[in-house]
Amino acid sequence: MNKKRKQVKTADGLPRATTLQALRSLMKLIWQVDKAYYLILLFRSILGAASSLVNLILPKLLIDGFARGWEWEHFLKGILAFAAFKYLVLQALSFLKLKEKRHSEYLDNKVPMVFADKVMRLHYPQLEDPQVLDLKERAIFPITNYQALQGLLGAAIDIITSFLTLGGLAAVLFAFSPWFLLTLLALCVIASLLSARFSRYMRHALQDLIPTNRRYGYWFDTIFNPAFQKEFRVYGLNVLLLAKVNTYTGEIADWLNRLYARQGNNATLQNLFTALMRVMAYGYAALRVLGSQWGSQITLGDYSVIVLATENFFATFQRFFGGIFELISNVHHLLPFCQFMLLPEAEQPDGLIPEPLRTLAFENVSFRYPHGDRQILDDLSFHIYEGEKISIVGLNNAGKSTIVKLICRLFEPQSGRILYNGTDIREYNYQAYLQQLACVFQDFFLFPFTLRDNLDPEGNSPDEALLAILDEVSLEGVMARLPGGLDTHLNKAVWEDATDFSGGEKQKIAIARSLARTSSLVILDEPTAALDPLAESEVYEHFHELTRGRTAIFISHRMSSSTFCDKILLLQDGKMAAFDSHQALMKGHNLYRDLFMAQAQHFLEQQEA
Amino acid sequence: MNTNRTRRDLARELQDKERRRSYLHPRKQPFFKVMWRAYAPIRGSFKILLAHILYALTDGVLPLLSVLIMYVLVGLLGAPEVNQRTMLLAAGAYGIVYFLCSTLSVQLKQRNYTWFTRQRLKWLNLTGHKIMSMDFGLFENPGFMDDIKTAHWSFNGNNAGLEGTWHKVFEMGGTLVSALLLGGLLCWLSPLVAAAGLVLVAITVVVQSHISTYKHKRREELVRLSRRMGMLREEAANFKAGKDLRLYRMAGRFQAVFAPLLTGYMKLYKAFTRREFSLSFLEGLALVAVDLVCALLLVNRRLAGAITTADFVMLLSAVILFSQTLVLLSQQLAFIKNETLYVQDAFDFLDAPLTSLDGQGQVPGKGPVSIRFEEVSFAYPGTDRLVLDKLTFDIKAGERCALVGLNGAGKTTLVKLLLGLYQPTSGRIYINGVDSATLPQETLFALFGAVFQEVDPLAFTIAETVAARDADIDRARVTEALKTAGLWEKVDSFEKGIDTPLLKIIHEDGAILSGGENQKLMIARALYRQDARMMVMDEPTAALDALAEQAIYQQFDDLLRGRTALFISHRLASTHFCDRILLLSGGHIAQHGSHAELLAQEGLYQQLFHTQGKYYLDQKEAAASE
């Protein structure tokens, strides 16, 4: 779907987007999400302009009526007609405001989901890149905190409405005197150019404020974050946290002060122009009423209208200009968002369909993380055969979990190959390849859906099959007391009626999830960290049943687990230090033995006591 | 001590929606009372009050100036001898006065703007403080959290809520003066005008009031739906979910679950806006009616010859300005009335007593405390299932106890009750013989040094994290704690040492520690609290490898000798340095005693120990026999 376009990159490797590109992509996005919006925008603006212009009618109507010597009935009819017309315009505007509000609320809620969708399609290594994470935060921040999207749409309305109003006013003034209109326009333009200096300052100042606002937002959100509330109370962190918040609020208030003062000065300058224009209008129009020295004579009725029109003209021009500034400003705020939407997505190339696993081999695999500073795997080679149970052991950060990510094709090694059934894994169809893998990651994630959705998101298995698997991981007791059964929701932050499962129960659900698919390789990374000894033992005892004779890779800090595996892969300094059975390794002097004895000795001491 | 006090348990009490509503919002405050309270800082500042008045005058007089100049010019135009110079002078004079007034009003508004922001921040601080000290259980009450959400937002913005109201009232001063001046002028024509104007404002305010009350009553529902969508989006966009999302093809589910949520939300939103629209017919009518009445009156008078052309033009422009001013005034009033509903919610939040522990008691003695749980039963608020059932046990002062048990037995729950984060459903907890429910919250919390299961750090410096403060940090103590926890080498390798900031959100050069390192950091934090009278540690080594774990436990053995301590761990072997072991099963202590004693008894402990150990032993024996 994501055509490979030659992308311009910034210094840190992130996609670049200019203001114009950003505006174009945002407009396209709005079109994709809600086509009707543009039409509503247009009509709402037309009617907005109409309701401004309608006020010009009344004075002309009445004053000219007197000039023509109307009778009371005539006036009555005229005024009633005006009232009816104005009412219609107001109601039509009201209707379109309603429509616009609904659609912009829809957009406001749909666009962040489109963003989330993009995250879900990203090429995986970016998810472990702190710069991409930072871009994500910067992208979403203006939408949630500045209402940038609403601001953008509002600015668009202001621009179109004032443009149309200006058109109407210009028509009136042109009829009065083209030179007058031109002079007026010139003054407006000069005033706006002077204002542009301020606009530029404000835009830069707003950009400068964003990082401060983000940091403030981080502290502010932390105060409300349920995850930290225990610590706040037990460690009395109120004072510290509020102090952090206040450093930023102080900074922001100072910044605001400077901004508002300059805004005030700019407004004063604009007022000078307004005063000038009004004097011009009153004076010149009066002269035209008096006689035809300065142009064809106009009536008092015209006089009222000209004066009204002039007063509105500059104000509308300012609104127009202000709207453009708001638009540009909001597009700038949304630049990170647009940049984020340009990030490369995971490619889903076609390829071979893998058969069930017969061999898995690492062939001289070397790997370091894209922004990492050390070599994680260094010329690692080993073979695994069908049906084997392998345990991978090593110190913290030895690279055990990295091996898992490489097997899952989340990352690619810098050199060397990973061979599945003798073929490089990159040659397989990605989705079909993943189907052969059943993984429980160390930091597994359960999703805010029902239990059934978590176990079987694509709805392939019948309920009985799912319940049977839950039995296997000893969750039948828990299931019995769930009134909703498989329809129980998992995340309390999203669903009030969700069940908060304990850490151990969640781990069992994650294991169940991995079993619910037909795969030939099972990978379990610390699957019993949250389980008590009995539950852990059940996993070990039934390991063979659970893995159904499939090939399995098992990673655990608990050395006891390696005893029921066929072989242990000992990782040290990114290399394979040993790859042998438990008994063989225990005979030598190595890290494995040290790790094992460190835990075993407690039980041995007790035994001997 | 004060044993006759009825014990509060707000987390449980406020589960019920009606009870919650009446507890958080006991009385509907009249509009003026809320405004009076909201205006406390302004009432205290003469400078700001003066600014309000001056602004109102300089801004309010502007429309009247426009009307007057029209009157003067039209009058001059109609005179038998027209003096061009006078006319131009008049126009010029108007220009200067206009400029002066508008400049003054703009400057007054802009230069006083942030004064209001700073005042609001004081309230924001109070809110933050309250959030971090209210009952812990309330955080797990979604209804409660939804209810107070709008309250928070009242103190968090420039253009809405409390500050928005202040700014609007400031501006409204000008609008009000304009309306009065223009209305007064038009009353010369006929008092009917003023009456029509008042009716227009009244209708608009009543209609808007009705709409905002309707929305306010139903805000909980809108907030709830909005929250659901927001959290769902957040989870979908969570980078940490990435691996499982791709492996298990969850993306489609997110879309499928989100769509009906959005539809439901839009339905509710449409109901709101439909009401607004249907009432707008009334407002439009009222507005047009004012124009109608004024226009007819003017024409009538003019036809009757009661007013001159100059008068007519002046009054006509006054009418147009008058109706524009009235519309603005109604909008401002409606805004203020709407926002004060939410400002009142915010005040309600600040007023409501939200800590169950508000006693005056003290813990006698010095040094390590003794703990006694007496017939403590506990069910999580909102549920009926007793996680702990008449739990009774003692921990002597200076005794190091291990708490073991199966998953879901209630170990973490027990810890939370001990720390005072939850209140027992029944039964009492005694600390040095004093009922913990009689203690003030801060006193109870200060007794403990704790390590929790979750180890996410905040963006403080390492020293701030360990010392849990940013001033008066005992740097030597921080270093000691880090050494004991086994993190010193890593910290020393950083350029800024213990002053290194964590995470990258605040400082770009902040450090990111691994899971194991974070856990060590949290252990150091607990150890820093040397004057804690009891240590509580919940799975403090779950993320550490065998050697690191062993190292830490060796340190604990030395460091915590003679101090009251409670450890939770799955790894039975790690409890060997404890004086006594408590086995939690079926909601109460099934077995307790030293490791040797429990091992000798036939029961769950023996079973657990053998189950965990057999894999090591089988192999050792097998190895030995070879």
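Conventions used here
- Residues numbered from 1 in each chain as written.
- Chains lettered and ligands numbered in written order.
- Predicted model: local features only at pLDDT ≥ 70, side-chain atom pairs only at ≥ 80, totals over all residues.
- Heavy atoms only, no water.
- Salt bridge = Lys/Arg side-chain N within 4 Å of Asp/Glu carboxyl O.
- Helix = DSSP H or I, 4+ residues; strand = E, 2+ residues; numbered from the N terminus.
- Buried < 20%, exposed > 50% of the residue type's maximum accessible area, 1.4 Å probe, protein only.
- Pairing = 2+ DSSP bridges.
- Patch = residues over 30% accessible without salt bridge, like charges linked within 9 Å, V, L, I, M, F, W, Y side chains within 5 Å.
- Areas by Shrake-Rupley, 256 points an atom, 1.4 Å probe, with all protein chains shown as cover.
- pLDDT = per-residue confidence, 0-100.
- Contact = heavy atoms within 4.5 Å.
- Buried area = accessible area lost by both parts, 1.4 Å probe.
- Axes fitted to C-alpha atoms, helices over the stretch in contact; angles between N-to-C directions.
- Parallel < 35°, antiparallel > 145°, perpendicular 65-115°, else oblique.
- Nonpolar A, V, L, I, M, F, W, Y, C, P; charged D, E, K, R; others polar.
- Left-handed = near helix turned anticlockwise from the far one by under 90°.

(A) View of the pattern of salt bridges. According to the stated counting rule, one finds 48 salt bridges over all chains in the structure shown. Here Lys109(B) makes a salt bridge to Glu171(B), at a shortest N to O gap of 3.4 Å. Of this pair, Lys109(B) sits in helix α6 (residues 84–111) while Glu171(B) sits in helix α9 (residues 161–187), and the two are 62 residues apart along the sequence. Here Lys109(B) falls in the partly exposed class, since its relative accessible area comes to 28%. Among the ionic pairs, Lys490(B) bridges to Glu517(B), the shortest N-O distance being 3.5 Å. Residue Lys490(B) is found in helix α19 (residues 488–493), and its partner Glu517(B) is found in helix α20 (residues 515–528); the two are separated by 27 residues along the sequence. Residue Lys490(B) is classed as partly exposed on the basis of its relative accessible area, which comes to 31%. Within this structure, Glu496(A), Asp146(B), Arg224(B), Arg227(B) and Arg228(B) form a network of salt bridges that share partners.

(B) Geometry of the pairing of strand β9 (residues 567–572) of chain A. Residues and elements named next belong to chain A. Taken together, the four bridges between strand β3 (residues 389–393) and β9 define a ladder with parallel strand orientation. Within β9, the position partnered with Val393 by the bridge is Leu570. The pairing of β9 with strand β10 (residues 575–580) spans five bridges and is antiparallel. Its bridge partner being in β10, Leu569 is matched across the sheet by Phe579.

(C) View of the sheet that holds strand β4 (residues 415–420) of chain A. All names here are of chain A. Pairing within the open sheet is antiparallel, and its four strands lie in the order β2-β1-β4-β5. Among the strands making up the open sheet, the edge pair consists of β2 (377–385) and β5 (423–424). Summarising the sheet, β4 and β5 pair through two bridges and their orientation is antiparallel. When the bridges of β5 are listed, Leu419 appears paired with Asp424.

(D) Structural context of a nonpolar patch on the surface. Residue and element names in this part refer to chain A. On the surface, Leu39, Leu42, Phe43, Ile46, Phe163 and Leu164 cluster together into a nonpolar patch covering about 550 Å² of accessible area. At the level of elements, α2 (36–53) and α6 (148–176) are the ones that each hand at least two residues to the nonpolar patch. For the nonpolar patch, the element with the most residues is α2, which contributes four residues. In this structure, Ile46 sits in helix α2.

(E) Focus on the confidence of the model for chain A. Mean pLDDT over chain A stands at 87; residues scoring 70 or higher make up 97%. Residue range residues 1–6 of chain A is modelled with pLDDT below 50. Its contacts to residues more than four positions away, or to other chains, number five contacts.

(F) Summary view of the interface of chain B and chain A. The partner chain A presents 168 residues to the 159 residues of chain B that form the contact. Buried area between chain B and chain A, summed over both chains or domains, comes out near 16,000 Å², and the portion from carbon and sulfur atoms is 68%. Contact with chain A buries area across many residues of chain B, yet Met132(B), Phe239(B) and Tyr616(B) alone supply 6% of it, more than any other trio. Joining chain B to chain A, the criterion identifies 12 salt bridges.

(G) Expanded view of the packing of α20(B) against helix α21 (residues 546–559) of chain B. Residues and elements named next belong to chain B. Relative orientation of the contacting elements α20 and α21 amounts to 5 degrees, with a least axis distance of 13 Å. Regarding the angle of α20 to α21, the classification is roughly parallel. Across from Lys520, Ile523 and Leu527 in α20, the residues of α21 making contact are Ala548, Ile552, Phe556 and Leu559. Classifying every residue of the contact of α20 with α21 by side-chain character gives six nonpolar, no polar and one charged.

(H) Main features of the packing of helix α2 (residues 17–24) of chain B against helix α8 (residues 142–154) of chain B. All names here are of chain B. Where α2 meets α8, the closest approach of the two axes is 11 Å, and the angle between their N-to-C directions is 35 degrees. Crossing handedness for the pair α2 and α8: right-handed. Contacts from Arg20, Arg21 and Leu24 of α2 reach α8 at Gly143, Phe144, Asp147 and Ile148. Counted by class, the contact of α2 with α8 contains three nonpolar, one polar and three charged residues.

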